[in-house]
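Structural overview for review
Each chain, letter by letter, is given below.
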Amino acid sequence: MWTEFSLHRLPAVLGALLVSLGLPLSVQAMDIQKVVSPQGIEAWLVEDHSNPVLAMEFAFRGGASTDPEGKEGLAGLTSALLDEGAGDMDSTAFQEALADRSIRMSFSASRDRFSGSLMTLTRHREDAFDYLRMALTEPRFDPQAVKRLKSQYQVMQARRLEDPQSIAWNGLYRLLFPDHPYGRPTEGTPASIASIEVADMRAFLQEQLARDRMHIAVTGDITPEELGTLLDETFGDLPKESPAIEVPSVQPLSSGGVAVVERDQPQSVVALAQPGMARDDPDFYSAYIVNYILGGGSFSSRLYEEIRKERGLVYSVSTGLNTMDHAAVLAGGLATQNARVDESLEVLRAEWERLAEEGPTEEELEHAKSYVTGAFALQLDSSDSIASVLLSIQMDNLGIDYIDRRREEIAEVGLEDVKRVAGELLQPEALTFVVVGQPEGVESNLVLPKRDAAQD
């Protein structure tokens, strides 16, 4: 949540293989090609024949924010079932076919995305793409697999409903977006998952998995011509266009205040937020640097220095810019003993206000720019991570030359820029807090919106 890109990372099934084969192309040497298949399917490709490995990341706009009310968790449950059997292969046969060929395939859903990943050795890539085609266009949804996954998801969500972190964050987004899909639990609840039928999942796929809302990024051992053929064979049967699924843009509520969720536990968990900045805002990098200095820079941030290191008030504290498709927030969190919550929030507000009024120092700015520039290269440490970054660049509409431009754009951010943006962005009076625990001396002046019965 606190990185520039929300990266969907594959589990490390092929991790040892990648290490043994070495890292892919450096940032400086990266040549991003736009590949358009004969049927007009577009993908970005970083061609690298030094290793016999291929990684692909793809996503469809939409995701959990389009789940119908009362069926929250539909996108996530559907994503979990796509590799549980397809075509004439049941779950066991499908998983064995992938494992026998060292193919890694996964699907996931977030608020604004329905995503997939594929990783394979070159010699198995035709099989890998064909299995992916089957998963996307011929999922079985066998009763036994559906029952098993629904049961697992209900157990997981029942645990989330008791988890202090989940309570705090779900409560915060209900306060910020009370009448918007962003205010609903993206993972669903036991009741909402129970209401989901196979017909709902098939309808979801028919509406969501369309080529006009799809983006693809590929890295590895393949030529543009070879990739174009595989794109058509894999995605060509998907609908060209999707029905209009409108999720309105929204401003988070910014009246500020505190909501306390009483729980008998020795420490409190706090989630907090205020309105943020959209990714396409011209001042985004200035805001990104301001956030790094405030709470995004881990051990070097002001909040960590003042609240954790100097005063020892909290176990952890951090902030980040969350840029969703239809809203943006500057959010954060901390955890501390019940007796220290009041002072922790007081110091946090004071640091928020001080940075807004005074802005960063020249030293803080240069340190932040150096870190933000260098950390980006560390995200490009494997084939799958490169593909993931390329996909995020597409989804954020940053342009195929973004990696070439990024360093220069950050270097151009000046002290007056970040001081101005700090004053405009940081709004201590708009901070909304959800505290889960038994915080001493903290008065609750906000009430969490109630969920309907299907969300309990």
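Model, not experiment: these values are computed from the prediction. (Residues numbered from 1 in each chain as written. Predicted model: local features only at pLDDT ≥ 70, side-chain atom pairs only at ≥ 80, totals over all residues. Heavy atoms only, no water.)

1. Some remarks on the packing of helix H2 (residues 74-81) against helix H5 (residues 143-160)
With their axes 10 Å apart at the nearest point, H2 and H5 run at an angle of 130° to one another. When the axis of H2 is compared with that of H5, the two are oblique. Considering only the axes of H2 and H5, their crossing is right-handed. Within the contact between the two elements, H2 uses Gly76, Leu77, Ala80 and Leu81 and H5 uses Ala145, Val146, Leu149, Lys150 and Tyr153. In terms of residue class, the contact of H2 with H5 is built from 7 nonpolar, 1 polar and 1 charged. (Axes fitted to C-alpha atoms, helices over the stretch in contact; angles between N-to-C directions. Helix = DSSP H or I, 4+ residues; strand = E, 2+ residues; numbered from the N terminus. Parallel < 35°, antiparallel > 145°, perpendicular 65-115°, else oblique. Left-handed = near helix turned anticlockwise from the far one by under 90°. Contact = heavy atoms within 4.5 Å. Nonpolar A, V, L, I, M, F, W, Y, C, P; charged D, E, K, R; others polar.)

2. Section: the pattern of salt bridges
Evaluation of the coordinates by the stated rule reveals 24 salt bridges. A salt bridge links arginine 101 to aspartate 127; the nearest nitrogen and oxygen atoms lie 3.2 Å apart. Taken together, the positions of arginine 101 in the loop between helix H3 (91-100) and strand E4 (104-109) and aspartate 127 in helix H4 (residues 125-137) put the pair 26 residues apart, joining distant regions of the chain. A relative accessible area of 34% means that aspartate 127 is categorised as partly exposed. Close ionic contact of arginine 311 with glutamate 343 constitutes a salt bridge, the shortest N to O distance being 4.0 Å. You can see arginine 311 sitting in the loop between helix H11 (302-310) and strand E9 (316-323) and its partner glutamate 343 sitting in helix H12 (residues 341-358), a full 32 residues away along the chain. (Salt bridge = Lys/Arg side-chain N within 4 Å of Asp/Glu carboxyl O. Buried < 20%, exposed > 50% of the residue type's maximum accessible area, 1.4 Å probe, protein only.)

3. A closer look at the UniProt feature "domain: Peptidase M16 C-terminal" (unreviewed entry) in the protein
Here the UniProt-annotated "domain: Peptidase M16 C-terminal" (unreviewed entry) positions come out as residues 196-370. Between the C-alpha atoms that bound residues 196-370 the distance is 48 Å, and the span itself is 41% helix and 23% strand. (UniProt positions renumbered as here; feature names shortened; annotations may be inferred.)

4. Overview of the sheet that holds strand E10 (residues 328-337)
The strand order across the open sheet formed by 5 strands is E7-E11-E8-E10-E9, and the pairing between neighbours is mixed. What marks the edges here is a single partner per strand, and that holds for strand E7 (257-262) and E9. Neighbour to neighbour, the strand axes of the sheet diverge by 15° on average, direction disregarded. Bridge count for E9 against E10 is 8 bridges, and the pairing is antiparallel. By the bridge assignment for E10, asparagine 322 is matched with valine 329. (Pairing = 2+ DSSP bridges.)

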